[in-house]
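Structure assessment
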Amino acid sequence: MSTLHAGYFSQGLEADPELERAIGGELARQRQGIELIASENIVSRLVLEAQGSVLTNKTVEGLPYGRYYGGAEFADAIEALAVERVTRLFGCAFANVQPHSGSNANAGVFLGLLKLGDTILSMDTAAGGHISHGHPATLTGRDYTIVRYGVCRESETIELAALRALALAHRPRLIVAGGSAYPAALDFAGMRAIADEVGALFMVDMAHFAGLVATGLYPHPFPHAHVVTSTSYKSLRGARGGFVLWNDPALSDRINYGIFPGVQGSVMMHAVAAKAACFGEALRPEFAAYNQAVLDNARMLAMSLSAAGLRLVGGGTDCGLMLVDLSTIGVTGDIAAKALEKAGLAVNKNLIPFDPRPPEAPSGLRLSSNAGTARGFGTAEFATIAGFIAAVVKAPDDAALIADVARQVRELCARFPIY
Ligand SMILES: *Cc1c(COP(=O)(O)O)cnc(C)c1O
């Protein structure tokens, strides 16, 4: 009997109908629904192909041209290409493209640059910070002393004076900027000045706005940041994974060893290949047009939701993502998100700053224009989408209305096909 089943090298998903059905279902869901989740996007066929390539068979450890395994000629070339492209894209000297995720990029940087117990000053999760910046439920929350800053109650934005007071009181080794639900632009120069004043390193996690940074549509973390971390699959519109950028050669070994062997083993070469593809696309002029459209669409969505009587945290958005406060209409984020899902609109419930409600049933919804823009929606479509959202969240129990919106969503999506 053969050691390999028939079709091992020739059949694809058709060899596993159960799995094929589920993946086919996901493709149909993406085709027929409107994706507004801020941590998602729609990648190109090129990125899909690189991510699904034979590079998944290759094991390498270490950095390009200094691997612990042989046969690395093409893996080296691919990773070096990804590094060259991403440093060109963000105008910096060094990059590590190996982090399996944004959280791993952050954990690796912390491990490389900090000692156990060092103090990190980062944004409170309840105010829009990311869990990987020291949430007590994570390893980073256990290994370091975490001090959190939030936002000002009135402006719902970060107040540098309050941040400085915390920095002076706690003398952190690292100050972290960036979050996953913060719609306003960040003041990197102001935060770096505070870091310098207390002798801290300054890290920017640009996961949500990396695409805008790459195209000059958001403040650039460099030259202010000592180190920048990011994901490649949100606004950068690429493969799943993370990366780290920096300029000071004195940090190189510490960051690289922090990633490997610090928090990871061998490289996911297929993901690195897909990152190289994504960075290549991001260097094209069309990517600047895409990001301009992300911003135009987000502003239209925010404006139209406001006009429909919904309150936006911080008054709007500087970065493509926004938070809607539903407390003014007496609906919770979980109920609204479920009703929107029934109508074919994917969003996530989210805490708003100073939310009196628990994370499971918070006051807010988080929305983004990233994925919709990738499939070709413009401002007219986003105005229409705002109308869908406003109608559904104001009447989350109205089955007839939800069915009617669902039909319109399918029609709209059919006009903007993907794959
Ligand atoms: C999404 C996100 C991450 C984490 O990414 P994973 O790939 O899910 O680990 C890290 N930082 C910020 C600010 C994010 O928004």
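Bear in mind the structure is a predicted one, so any value in this text is a computation, not a measurement.

A word on the packing of aromatic side chains. Scanning all chains against the criterion turns up twelve aromatic pairs. Ring centres 4.9 Å apart and planes at 85° place the aromatic pair Tyr8 and Phe9 in the edge-to-face group. By relative accessible area, Tyr8 is classed as partly exposed at 45%. For Phe9, a relative accessible area of 74% puts it in the exposed group.

Those residues carrying the UniProt feature "domain: Serine hydroxymethyltransferase-like" (unreviewed entry) are residues 14–389 in this numbering. The distance from the first to the last C-alpha atom of residues 14–389 is 37 Å, and the span holds 43% helix and 15% strand.

According to the domain assignment, the protein chain contains domain 1 (50–282) and domain 2 (286–414). Computed over C-alpha atoms, the centres of domain 1 and domain 2 are 28 Å apart. The interface is formed by 26 residues belonging to domain 1 together with 25 residues belonging to domain 2. In total, domain 1 and domain 2 occlude about 2,100 Å² of area from one another, counting both sides; carbon and sulfur atoms represent 63% of this. Our count for the domain 1 to domain 2 interface comes out at one salt bridge. One salt bridge in this structure joins Glu156 and Arg311, with 2.7 Å as the shortest N-O distance. Put simply, domain 1 and domain 2 have eight residue pairs in polar contact (both at pLDDT 80 or more) between them. Elements supplying a minimum of two residues to the side of domain 1 that touches domain 2: α8 (210–214) and α10 (269–282). For the side of domain 1 that touches domain 2, the leading source of residues is α8, giving three residues.

Here we come to the packing of helix α6 (residues 160–170) against helix α7 (residues 188–198). Geometrically, a packed helix pair is captured by the angle between its two axes and the distance between the axes. Where α6 contacts α7, the two axes come as close as 10 Å, and the packing angle between them is 20°. The angle between α6 and α7 falls in the class roughly parallel. As for the relative orientation of α6 and α7, their crossing is right-handed in sense. Of the residues in α7, those touching α6 at Leu160, Leu163, Arg164, Ala167 and Leu168 are Gly190, Met191, Ile194, Glu197 and Val198.

Taken together, 14 residues surround the ligand, and among them Ser103, Asp205, His208, Tyr233 and Lys234 come closest. Here a nitrogen atom of the ligand and a side-chain polar atom of Asp205 are 2.5 Å apart. Between the ligand and His208, the relevant distance is 3.1 Å, taken from an oxygen atom to a side-chain nitrogen or oxygen of the residue. Here the ligand has 380 Å² of accessible area as a free molecule, and 87% of this is covered by the chains. Split into classes, the residues belonging to the shell around the ligand amount to two nonpolar, ten polar and two charged.

Definitions and limits used
- Residues numbered from 1 in each chain as written.
- Predicted model: local features only at pLDDT ≥ 70, side-chain atom pairs only at ≥ 80, totals over all residues.
- Heavy atoms only, no water.
- Phe/Tyr/Trp six-rings, centres within 6.5 Å; stacked < 30°, edge-to-face > 60°.
- Buried < 20%, exposed > 50% of the residue type's maximum accessible area, 1.4 Å probe, protein only.
- UniProt positions renumbered as here; feature names shortened; annotations may be inferred.
- Helix = DSSP H or I, 4+ residues; strand = E, 2+ residues; numbered from the N terminus.
- Domains from an automatic or database assignment.
- Contact = heavy atoms within 4.5 Å.
- Buried area = accessible area lost by both parts, 1.4 Å probe.
- Salt bridge = Lys/Arg side-chain N within 4 Å of Asp/Glu carboxyl O.
- Polar contact = N/O pair within 3.5 Å; in protein donor to acceptor, adjacent residues only side chain to side chain.
- Axes fitted to C-alpha atoms, helices over the stretch in contact; angles between N-to-C directions.
- Parallel < 35°, antiparallel > 145°, perpendicular 65-115°, else oblique.
- Left-handed = near helix turned anticlockwise from the far one by under 90°.
- Near = heavy atom within 4 Å.
- Areas by Shrake-Rupley, 256 points an atom, 1.4 Å probe, with all protein chains shown as cover.
- Nonpolar A, V, L, I, M, F, W, Y, C, P; charged D, E, K, R; others polar.

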